[in-house]
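# Structural description and commentary
Read off the chains here:
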Amino acid sequence: MIIQPRTRGFICLTAHPDGAAQHIKNQIEYVKSKGKIADGPKKVLVIGASTGFGIASRISAAFGSDAATIGVFFEKPATEGKLGTAGWYNTAAFEKEAQAAGLYAKSINGDAFSDEIKQQTIELIKKDLGQVDLVVYSLASPRRTHPKTGVQHASVLKPIEKPFTDKTVDFHTGVVSDITINPVELEDDINNTVAVMGGEDWKFWIEDLKAAGVLAEGVKTVAYSYIGPELTYPIYRNGTIGRAKDNLEATVPAINALLADINGVSYVSVNKALVTQSSSAIPVVPLYISLLYKVMKEKGIHEGTIEQMQRLFAERLYNNSDLQLDEKGRIRVDDLEMREDVQQEVAELWKKATTENLEEISDIQGYRNDFFQLFGFNFDEIDYEKDTNEVVPVPSIG
Ligand code: NAD
Ligand code: NA
């Protein structure tokens with residue numbers, strides 16, 4: 001079929017398999033261009049492995065360190081007449097490239113919050129790898145069915161104490177307007193968001209993997225967090241999602257205790273703000289990102305997800321010397337985003353930003369480009385008028 005982008009708000013309903021494959025190829029090329037990661041991971045489990053930071057982590061491990069990878073995700077397969085989701089096509093392309101490079105790669109498509117998928121993953125590790133030496137936890141989801149209680153938790157993106165009013169942008173049209181987001185009315189909203197995006201499921205994974213004996217001596221595990229600038233605090237770090245991130249970060253000591261007898265260690269890495277399917281859903285943040293991109297590109301310090309994850313692996317997790325952590329024990333690869341000169345310039349642009357000057361003072365074009373590339377669109381190499389086969393299997397799944 002002819003596959004073109006079709007959007008509804010911050011969601012793109014279509015995805016292009018050849019474009020997704022190009023996206024994966026570009027990321028692999030980048031990782032290869034940086035050379036091998038010294039003493040990198042060898043057997044890696046990535047939970048949330050199909051898009052965003054997760055696929056970039058998987059590519060960094062595989063092509064930066066020749067790692068065997070198992071990826072867990074929740075995507076829609078491609079079938080006759082029905083497009084698969086972007087993460088499906090990403091994985092199809094990744095597995096194909098991994099196979100061609102002689103690297104083990106298998107995937108599991110299902111609800112990572114469930115006990116069943118955890119057990120299925122454990123069986124696969126036992127059968128094929130024996131143990132894993134790195135577990136990346138990169139889930140981002142709007143909901144979670146709790147495996148012990150059966151309760152369905154839905155996360156919300158809201159401030160906590162008072163209404164928050166600030167600028168936001170519709171990144172399709174470039175219209176900048178004020179938005180007011182009312183605070184949570186019920187403590188339940190906070191609890192539900194923590195249940196979905198907090199650290200409990202990460203801990204459940206590590207508990208199950210440990211009990212099954214599939215974690216190697218010296219195993220590392222990392223989960224991803226975000227802080228960002230003060231201007232997004234009300235909606236992000238001090239909002240419901242921030243409470244979930246606080247909870248995720250507070251899970252580190254408990255996981256370290258679980259791993260102590262096998263000399264394992266857990267980390268939270270605070271990553272840079274980037275265009276992903278998850279971040280485009282957060283009000284206010286897309287305008288911040290488009291100003292941030294402008295400033296960071298001008299300074300020559302812009303990074304995408306693959307640059308971030310390659311650097312996390314090569315210069316933080318596997319740097320062979322003392323790992324620098326912040327006062328709360330976190331890895332920081334948002335260091336360039338949070339640089340004072342960067343934040344000051346973004347704050348000045350923020351005050352000025354209007355619909356009229358947006359194209360000029362921000363990198364809204366770069367935002368849009370990244371957004372469409374998440375779904376395999378906007379690649380020069382791809383002919384989007386061409387009839388394309390929508391049925392692309394993930395080799396290990398079918
Ligand atoms: P993303 O939406 O691109 O990726 C989410 C992944 O989770 C996908 O692989 C998806 O298939 C998987 N997933 C979702 N629900 C699932 C389920 N029930 N079972 C199995 N898999 C499921 O998101 P992302 O932006 O890469 O986010 C990953 C992590 O990075 C999150 O913790 C996020 O908060 C964090 N982070 C994001 C940013 C940013 O700017 N995007 C910045 C810092 C940290
Ligand atoms: Na991810």
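Remember, it's a predicted structure, so these values are computed and weren't measured experimentally. (Residues numbered from 1 in each chain as written. Chains lettered and ligands numbered in written order. Predicted model: local features only at pLDDT ≥ 70, side-chain atom pairs only at ≥ 80, totals over all residues. Heavy atoms only, no water.)

## Concerning the coordination of the sodium ion (ligand 2)
Basically, it comes down to this: Only nitrogen, oxygen and sulfur atoms qualify as donors, and only when within 2.8 Å of the metal (3.2 Å in the case of Na, K and Ca); with water excluded, sites may look incomplete. For helices the rule is a DSSP run of H or I covering at least 4 residues; for strands it is a run of E covering at least 2, with both sets numbered from the N terminus onward. Relative accessibility under 20% of the residue-type maximum defines a buried residue, over 50% an exposed one, and the middle range a partly exposed one, all with a 1.4 Å probe and only protein chains included.
Surrounding the sodium ion (ligand 2) are the protein donor atoms G48 (O), T51 (O), G54 (N), S138 (O) and S138 (OG), which sit 2.8 to 3.2 Å from the metal. Linear spacing of the donor residues for the sodium ion (ligand 2) on their chain is G-x2-T-x2-G-x83-S. A residue pair is termed long-range when its members are at least 10 positions apart, and G48 in the loop between β3 (43-47) and α2 (52-65) and S138 in the loop between β6 (132-137) and β7 (143-145) qualify at 90 residues. Note on accessibility: G48 and S138 belong to one class, buried.

## Regarding unusual backbone geometry
Unlike most non-glycine residues, D66 shows phi in positive territory, near 50°. Its relative accessible area of 42% is what places D66 among the partly exposed residues. Residues other than glycine seldom take positive phi values, yet N263 does so here, at roughly 55°. Locating N263 in the fold gives a position in the loop between α8 (252-259) and β12 (265-270).

## Here's the deal with the packing of helix α4 (residues 115-129) against helix α6 (residues 200-211)
Selection criterion: Every angle, taken between N-to-C directions, lies between 0 and 180 degrees, and every axis is a line fitted to C-alpha atoms, over only the stretch in contact when it is a helix. When an angle is under 35 degrees it counts as roughly parallel; over 145 it counts as roughly antiparallel; between 65 and 115 it counts as roughly perpendicular; any other value is oblique. Put simply, a crossing is left-handed when the front helix is turned counterclockwise from the back one by less than a right angle, and right-handed when it is turned clockwise. Contacts: residue pairs with any heavy atoms within 4.5 Å of one another. Residues are sorted three ways: Asp, Glu, Lys and Arg are charged, Ala, Val, Leu, Ile, Met, Phe, Trp, Tyr, Cys and Pro are nonpolar, and all the rest, Gly among them, are polar.
The N-to-C vectors of α4 and α6 enclose an angle of 40°; their axes lie 10 Å apart at closest approach. Considering their axes alone, α4 and α6 lie oblique with respect to each other. Of the two elements, α4 crosses α6, and the hand of that crossing is right-handed. Here I117, K118, Q119, T121, I122 and I125 of α4 come into contact with α6, specifically with D201, F204, W205, D208 and L209. Considered class by class, the residues forming the contact of α4 with α6 number six nonpolar, two polar and three charged.

## Brief notes about the environment of W202
Structurally, W202 can be placed in helix α6. Each C-alpha atom, one on W202 and one on R8, is 31 Å from the other, the two residues being 194 residues apart in sequence. In contact with W202, other than residues within four places in its own chain, are Y137, T221, V222, A223, L248, T251, V252, I255, S266, Y267 and V268.

## Observations concerning the UniProt feature "domain: Enoyl reductase FAD binding" (unreviewed entry) in the protein
Basically, it comes down to this: UniProt positions are given in the numbering used here, feature names are shortened, and annotations may be inferred rather than shown by experiment.
Here the UniProt feature "domain: Enoyl reductase FAD binding" (unreviewed entry) sits at residues 325-387. In residues 325-387, the share of helix is 44% and the share of strand is 3%. The end C-alpha atoms are 50 Å apart.

## Notes on the site of ligand 1
Operational definition: In these notes, residues near a molecule or strand are those with any non-hydrogen atom within 4 Å of it. Under the rule applied, a polar contact is a pair of N or O atoms within 3.5 Å (in protein, one hydrogen donor and one hydrogen acceptor; residues adjacent in sequence only if both atoms are side-chain atoms). Residue-level accessible areas treat just the shown protein chains as cover; the underlying method is Shrake-Rupley with a 1.4 Å probe.
The full set close to ligand 1 counts 29 residues, and S50, T51, K245, T276 and S278 are the nearest of them. Here an oxygen atom of ligand 1 sits 3.4 Å away from a polar atom, N or O, in the main chain of G48. Within the backbone of F74, a nitrogen or oxygen atom sits 3.2 Å from an oxygen atom of ligand 1. Relative to its unbound accessible area of 840 Å², ligand 1 is 92% covered by the protein chains. Those elements that place two or more of their residues in the shell around ligand 1 are α2 and β11 (215-225).

## A short note on the layout of surface pockets
Stated precisely, the cut-off is as follows: Cavity means a closed set of points on a 1 Å grid over the protein atoms alone, one where a 1.4 Å probe fits but cannot get out, pocket means an open set with protein on both sides within 12 Å along at least 5 of 7 lines, and lining means a residue has an atom within 4 Å of a point. Grid points are joined across faces, edges and corners, and a volume is the space filled by probe spheres set on the points.
Estimates place the volume of the second largest pocket at around 430 Å³. Every residue lining the second largest pocket is counted, 22 residues in all, and those nearest its centre are H23, G304, T305, D370 and Q373. Counting only elements with at least two residues in the lining of the second largest pocket, the list comes to α1 (17-33), α2, α10 (305-317) and α13 (364-374). Among the residues making up the lining of the second largest pocket, the classes are represented as seven nonpolar, 12 polar and three charged.

## Re the pairing of strand β9 (residues 164-170)
This is how it is decided: Being paired, for any two strands, means DSSP has found at least two bridges between them.
Summarising burial for β9: five of the seven residues are buried, a large majority. Taking the residues that link successive antiparallel strands as the turn, the β9-strand β10 (residues 175-181) hairpin has four residues, and the phi of G174 there is positive, at about 80°.

## A look at the environment of K245
Relative to the helices and strands, K245 resides in helix α7 (residues 240-250). Since its relative accessible area comes to 7%, K245 is described here as buried. Between the C-alpha atom of K245 and that of S155, which follows or precedes it by 90 residues, the distance is 12 Å. Look past the residues within four positions of K245 in its chain and what remains in contact with it is M197, Y224, S225, Y226, Y236 and R237.

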